[in-house]
Amino acid sequence: MKANELVIGDWVNYAGFPYQVTELKFKGITDERRISLADGNSGYINIPLSERITPLPLTPEILEKNFPNTDDGVIWWKEDGIKGFWIEIEYGLSKFMASLDYVHELQHALRLCGIEQDIKI
């Protein structure tokens, strides 16, 4: 993943486990770039920003934990022929609909609509 795809709070995959981005450090153009990650159990790691960090795929379990019914303004469904899930968000005057593959994309869509929600993994 590229650093410009991430913001604090995004969920990513590192070494096969989900981690939440807690800090991004950029020191000049050529200096090492680092990322701090939290595992959700009070454990933190600080590593160089590298290709080892990959997007965390959306799953039905993650969506069900966070949006169990349609009353919360978020509707999701799986459709044959697409990799991810269709997500429809309605909040106030905002409406968003797209096919999303990864948890961080869902987090960005929620923020775009004005919803600050901690995603449960």
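Located above this text is the structure these notes cover.
What you are looking at is a predicted structure, and each value in this text was computed from that prediction instead of being measured.

Rules used in this analysis
Residues numbered from 1 in each chain as written. Predicted model: local features only at pLDDT ≥ 70, side-chain atom pairs only at ≥ 80, totals over all residues. Heavy atoms only, no water. Helix = DSSP H or I, 4+ residues; strand = E, 2+ residues; numbered from the N terminus. Buried < 20%, exposed > 50% of the residue type's maximum accessible area, 1.4 Å probe, protein only. Contact = heavy atoms within 4.5 Å. Core = buried A, V, L, I, M, F, W, Y, C linked by side-chain atoms within 4.5 Å. Pairing = 2+ DSSP bridges. Axes fitted to C-alpha atoms, helices over the stretch in contact; angles between N-to-C directions.

In this structure, Glu 88 sits in strand S7 (residues 85–91). Under the relative-accessibility criterion, Glu 88 is labelled buried at 14%. Once residues within four sequence positions are removed from consideration, Glu 88 is found in contact with Gly 73, Val 74, Ile 75, Trp 77, Lys 95, Phe 96 and Met 97.

With that settled, the discussion passes to the nonpolar core. The biggest cluster of nonpolar side chains holds 20 residues, and the ones touching the most others in it are Ile 87, Ile 89, Leu 100, Leu 106, Leu 110 and Ile 119. Those elements that place two or more of their residues in this core are helix H1 (60–66), S7, strand S8 (94–100) and helix H2 (103–112). For this core, the element with the most residues is H2, which contributes 4 residues. Once residues lying within four places of it in the same chain are set aside, the contact partners of Ile 119 are Trp 11, Ile 62, Asn 66, Phe 67, Val 103, Leu 106, Gln 107 and Leu 110. One finds Leu 6, Tyr 14, Val 21 and Ile 47 within the second-largest nonpolar core, a separate group that totals 12 residues.

What follows concerns the sheet that holds strand S5 (residues 53–55). In space, the 5 strands of this open sheet follow the order S4-S3-S2-S1-S5, with antiparallel pairing throughout. Of all strands in the sheet, those bounded by a partner on one side alone are strand S4 (44–48) and S5. Taking the axes of each pair of neighbouring strands and ignoring which way they run, one obtains an average angle of 45° across the sheet. Bridge count for strand S2 (residues 17–25) against strand S3 (residues 34–38) is 5 bridges, and the pairing is antiparallel. Residue pairing in the sheet places Lys 25 in a bridge with Arg 34 of S3.

It is worth spelling out the sheet that holds strand S6 (residues 74–77) at this point. Strand order in this open sheet of 3 strands is S6-S7-S8, and the pairing throughout is antiparallel. Lying at the two open borders of the sheet, with one neighbouring strand each, are S6 and S8. Averaged over neighbouring strand pairs, the angle between their axes works out to 10° when direction is ignored. Inspection of the sheet shows S6 paired to S7 by 4 bridges, in the antiparallel sense. Its bridge partner lying in S7, Trp 76 is registered against Ile 87.

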